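Below are the chains, spelled out letter by letter.
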Amino acid sequence: MNLQVDLCSVKLKNPLIAASGTFGFGREYDELYDISMWGAISVKGLTLEPRLGNPPHRIAETASGMLNSVGLQNPGVDAFIKNELPWLLSKKIPVIANVAGFSVAEYVKSIQKLSDSDVDMVELNISCPNVKCGGLHFGTEPDQVSEVVEAVRKVCNKPLIVKLSPNVTDIVEIATAAKNAGADAISLINTLTGLSIDARKRKPTLANITGGLSGPAVKPIALRMLWQIASKLDIPLVGMGGINSGEDIIEFILAGASAVMIGTANITDPLAGPRILAELTQFCKDDNIQNIADIVDGLQV
Amino acid sequence: MLCTAKVVKNICIAKDIHEIQLLCNVDIPKILPGQFVHIAVQDCFLRRPISIATYSNNIITILVQNVGKGSELLCDLLPSQHINMLCPLGNGFNMKEVVDTIQNKGRVWLVGGGIGLAPLFFCAQYIKALSLKVDVFLGYRDDAHAFYINEFSDCSTVISNIGGFVTDAVSKSLESGNIPDLILSCGPSPLLSSLKAICVKHKIKAYASLEARMGCGVGACLVCNAKIANNDGYSYKRVCKDGPVFNLLEVEL
């Protein structure tokens, strides 16, 4: 039974990618188990300059999920390349650099630096406010998606994954803009914007007021958007949103994903990576799936 | 490490406070006072972080205050039920520094309020086991919320303050000429703020164990941040990994 998948010519030994934001740069989870079992890792979102992030609280519990508003705390691209990347590469799994930015110029500078580094792929986080456009998120407007992806494409010599925000009216329109602007693959979904209120204090729970919803609660939306894009566009897709079992992975692959990203599950179960891989292996054995790549987009509608 | 533990005891020791003993299914090599466990609670999405109050023979004792959905469910656990927890987590208090201070004729004070006394009890037990002495300042909201007074008096000089502010008792001791070399603390933010001001004024070295809403508990997700002063102003540190114990004088409360 073969779990190997191909993502933009990078070979992953299995379709499980550790999602950006929940896995740091891998060191903490490597203390619990050998993170080399992952197909790949997408690191914590990097910005050009180091960022301190938001004040507490940054997390709120919801039904079957959680809201986060970390504020992209990260050491900056330079510090990542110097201090984190060498150790990660020693784990011998593909490294995907997730990049955030607040202007097209910032994205371009960050990608230029990463293009000169040994990361295997770049994942563009476009769920960031464009300061030049009054804080409107890049990923909500097709024109802005085109602008940032085109500019990054010119300087990016690595496979370019564009990570979509689900906080939009028409995800296919956004995906089309990303594809036409030069994306090699699309990953989705990022978090859904939500609000948590502390009824006794009569205040929002999070310091930043709203935050991003993730976890099992969002899976139906993630699957729906993935399927919509897979039905209309021909481009490799990476699915994510509430995956917590081997069976969940199969659902995303059937819906059109070549690989998946798993994030929030690590928070509730620190051994989620090895557990879910074992579950996927068992599912394939039970269902007589010889090559996982054979069932991509296999949903019968 | 992740372990399954069996509830062997759960008793109410004060208003809204339960003492719960958990028998772990694996040997846990070393647990330091100030470390905590991250417990998966039925019907709650996120785990709950709880300080370890004491540990011996594979039994971890925690004190849980019922303040919301998760803690209420923990207080309802029945003996012989099983729970899944990550343990031990966090940096813990620097017990080597504490022991060295006492052995060099220095004085160490434990200052805590309410449920914050749980990790300080572990400190007191640790020090007692070495036949050494500490002074303990215990703060409680009122008689109904008081607990472990006998257990603390078992091992150290105790000043308990019921109602009012335990930091008033600390100030009083300082003014009468008793100055410690080191303070370990844990409790509500107002207590830590007052204590920080006292320590700055009297130039006393102090550590505090903080609490925060947590995600992963292992330092990867960055949601449990505490503002810590440094040469460039401040940065955010992870309460679960860089803490929960920090230099109190550097904590921005």
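If you're wondering where the values come from, they're calculated on a predicted model, not measured in any experiment. (Residues numbered from 1 in each chain as written. Chains lettered and ligands numbered in written order. Predicted model: local features only at pLDDT ≥ 70, side-chain atom pairs only at ≥ 80, totals over all residues. Heavy atoms only, no water.)

Asker: Would you mind going over the overall build of chain A with me for this structure?
Answerer: Assigned secondary structure in chain A consists of 9 helices and 18 strands. By the compact-globule yardstick of 19 Å for 301 residues, chain A fits well, its C-alpha radius of gyration being 18 Å. Once the C-alpha set of chain A is aligned to its principal axes, its extents read approximately 50 × 50 × 40 Å. For chain A, the share of sequence-separated contacts (at least 6 apart) that also reach a separation of at least 24 residues comes to 70%. For chain A, the exposed surface amounts to about 11900 Å²; the carbon and sulfur share of it is 50%. Considering chain A, the positive charge centre built from 26 side chains and the negative charge centre built from 32 side chains are found 6 Å apart. (Helix = DSSP H or I, 4+ residues; strand = E, 2+ residues; numbered from the N terminus. Rg over C-alpha atoms; globule rule 2.2 N^0.38 Å. Contact = heavy atoms within 4.5 Å. Areas by Shrake-Rupley, 256 points an atom, 1.4 Å probe, with all protein chains shown as cover. Lys, Arg positive; Asp, Glu negative; His and termini not counted. Charge placed at Lys NZ, Arg CZ, Asp CG, Glu CD.)

Asker: Is there a simple way to explain the side chain of His 38 of chain B in this structure?
Answerer: All names here are of chain B. Checked against the element boundaries, His 38 lands in strand S3 (residues 36-39). For His 38, a relative accessible area of 0% gives the class buried. Among all residues touching His 38, those that are not within four sequence positions of it are Arg 47, Arg 48, Pro 49, Asn 84, Met 85, Leu 86, Leu 89, Met 214, Gly 215, Cys 216 and Gly 217. (Buried < 20%, exposed > 50% of the residue type's maximum accessible area, 1.4 Å probe, protein only.)

Asker: Sorry, what's going on with the interface of chain A and chain B here?
Answerer: Interfaces are frequently sized by the accessible area removed from exposure as the parts join. Of the residues lining the interface, 33 residues belong to chain A; the matching set on chain B comes to 23 residues. Between chain A and chain B, a total of about 2400 Å² is buried, with carbon and sulfur atoms accounting for 63% of that surface. It is Glu 28, Ile 59 and Glu 61 of chain A in chain A that bury the most area against chain B; as a group they hold 25% of the surface buried on that side. At the boundary of chain A with chain B, the tally comes to 3 salt bridges. Glu 31 of chain A serves as the salt-bridge partner of Lys 241 of chain B, at 3.0 Å between the closest nitrogen and oxygen. Connecting chain A to chain B are 10 residue pairs in polar contact (both at pLDDT 80 or more). Going through the elements one at a time, helix H1 (27-30), strand S5 (59-62), strand S6 (65-68) and helix H8 (264-268) of chain A are the ones with two or more residues in the side of chain A that touches chain B. Tallied by class, residues from the side of chain A that touches chain B come to 13 nonpolar, 14 polar and 6 charged. (Buried area = accessible area lost by both parts, 1.4 Å probe. Salt bridge = Lys/Arg side-chain N within 4 Å of Asp/Glu carboxyl O. Polar contact = N/O pair within 3.5 Å; in protein donor to acceptor, adjacent residues only side chain to side chain. Nonpolar A, V, L, I, M, F, W, Y, C, P; charged D, E, K, R; others polar.)

Asker: I keep staring at the packing of aromatic side chains and nothing clicks. Help me out?
Answerer: Think of a pair of aromatic rings as described by two things: how far the centres are apart, and how the planes are tilted against each other in angle. Within the structure shown, the criterion is met by 10 aromatic pairs over all chains. Between Phe 23 of chain A and Tyr 29 of chain A the ring centres are 4.7 Å apart and the planes differ by 10 degrees, which places this aromatic pair in the stacked class. Look at Phe 25 of chain A and Phe 80 of chain A: their rings are 5.5 Å apart centre to centre, the planes differ by 35 degrees, and that puts the pair in the tilted class. With Phe 25 of chain A in the loop between strand S3 (16-18) and H1 and Phe 80 of chain A in helix H2 (residues 77-90), this residue pair connects regions lying 55 residues apart in the sequence. Across this residue pair, the class does not change: Phe 25 of chain A and Phe 80 of chain A are buried. By the ring-pair criterion, three or more aromatic residues cluster together here, those being Phe 121, Tyr 140, Phe 147, Tyr 148 and Phe 152 of chain B. Across from the ring centre of Tyr 236 of chain B, 4.9 Å away, lies the NZ or CZ of Arg 58 of chain A, which sits over that ring. One Lys or Arg, Lys 227 of chain B, reaches over the ring of Tyr 234 of chain B and ends 4.3 Å from the middle of that ring. (Phe/Tyr/Trp six-rings, centres within 6.5 Å; stacked < 30°, edge-to-face > 60°. Lys NZ or Arg CZ within 6 Å of the ring centre and 35° of its normal.)

Asker: Looking at this model, I keep getting lost on the environment of Leu 132 of chain B. Mind explaining?
Answerer: All names here are of chain B. Note that Leu 132 resides in the loop between helix H3 (117-129) and strand S8 (135-140). Taking relative accessible area as the criterion, Leu 132 reaches 16% and is therefore assigned buried. Sequence spacing of Leu 132 and Ile 102 is 30 residues, and the spatial spacing of their C-alpha atoms is 7.2 Å. When neighbours within four sequence positions are excluded, Leu 132 is seen to be in contact with Val 99, Ile 102, Gln 103 and Ile 127.

Asker: Honestly, the pairing of strand S13 (residues 233-238) of chain B in this entry has me stumped. Any pointers?
Answerer: Along any regular strand, the residues point their side chains to alternate faces of the sheet. Residue and element names in this part refer to chain B. Direction of pairing for strand S12 (residues 225-230) relative to S13: antiparallel, over a ladder of 6 bridges. Its bridge partner lying in S13, Lys 227 is registered against Tyr 236. Hairpin connection of S12 to S13: 2 residues between the antiparallel strands. (Pairing = 2+ DSSP bridges.)

Asker: When you look at the sheet that holds strand S6 (residues 82-89) of chain B in this model, what are you seeing that I'm missing?
Answerer: As a general point, the strands of a sheet are linked pairwise by backbone hydrogen bonds and lie either parallel or antiparallel. Residue and element names in this part refer to chain B. One closed barrel holds the 6 strands; their spatial order is S1-S2-S5-S4-S3-S6, and the pairing between them is antiparallel. With strand direction ignored, the average angle separating the axes of adjacent strands in the sheet is 45 degrees. Here S3 pairs with strand S4 (residues 48-56) via 4 bridges, running antiparallel. Its bridge partner being in S4, Val 37 is matched across the sheet by Ile 50. Packing against the sheet, H3 makes contact with S4 and strand S5 (59-65), and its axis sits at approximately 20 degrees to S4. (Axes fitted to C-alpha atoms, helices over the stretch in contact; angles between N-to-C directions.)

Asker: I'm lost on the nonpolar core in this one. Help?
Answerer: If you look at soluble globular proteins, the nonpolar side chains tend to sit buried side by side. The biggest cluster of nonpolar side chains holds 142 residues, and the ones touching the most others in it are Trp 38, Phe 80 and Leu 164 of chain A. The contact partners of Trp 38 of chain A, leaving out residues within four places of it in the chain, are Lys 13, Asn 14, Leu 16, Ile 17, Ala 18, Phe 23, Tyr 33, Ile 93, Ile 262, Asn 266 and Gly 273 of chain A. (Core = buried A, V, L, I, M, F, W, Y, C linked by side-chain atoms within 4.5 Å.)

Asker: Would you explain a negative patch on the surface in this entry?
Answerer: Residue and element names in this part refer to chain A. A surface patch of like charges, here negative, comprises Glu 141, Asp 143, Glu 147, Glu 150, Asp 170 and Glu 173. By residue number, the principal contributor to the negative patch is helix H4 (residues 142-155), which donates 3 residues. Along the chain, the position of Glu 173 falls in helix H5 (residues 171-180). You can call Glu 173 partly exposed: its relative accessible area is 42%. (Patch = residues over 30% accessible without salt bridge, like charges linked within 9 Å, V, L, I, M, F, W, Y side chains within 5 Å.)

Asker: Would you mind showing me how to read a nonpolar patch on the surface here?
Answerer: On the surface, Leu 195, Ile 197 and Ile 209 of chain A cluster together into a nonpolar patch covering about 310 Å² of accessible area. Examined against the element boundaries, Ile 209 of chain A turns out to sit in the loop between strand S15 (203-204) and strand S16 (210-214).

Asker: Just checking my understanding: could you explain the packing of H5 of chain A against helix H6 (residues 219-232) of chain A for this structure?
Answerer: Helix-helix packing is characterised by the crossing angle of the two axes and by the distance between the axes. Residues and elements named next belong to chain A. Between H5 and H6, the least distance of the axes is 9 Å, while the angle of their chain directions is 55 degrees. Considering the angle they form, H5 stands oblique to H6. For the crossing formed where H5 meets H6, the hand is right-handed. Residues Ile 171, Val 172 and Ala 175 of H5 touch H6, and the partners they reach there are Met 225, Gln 228, Ile 229 and Lys 232. Grouping the amino acids of the contact of H5 with H6 by side-chain chemistry returns 5 nonpolar, 1 polar and 1 charged. (Parallel < 35°, antiparallel > 145°, perpendicular 65-115°, else oblique. Left-handed = near helix turned anticlockwise from the far one by under 90°.)

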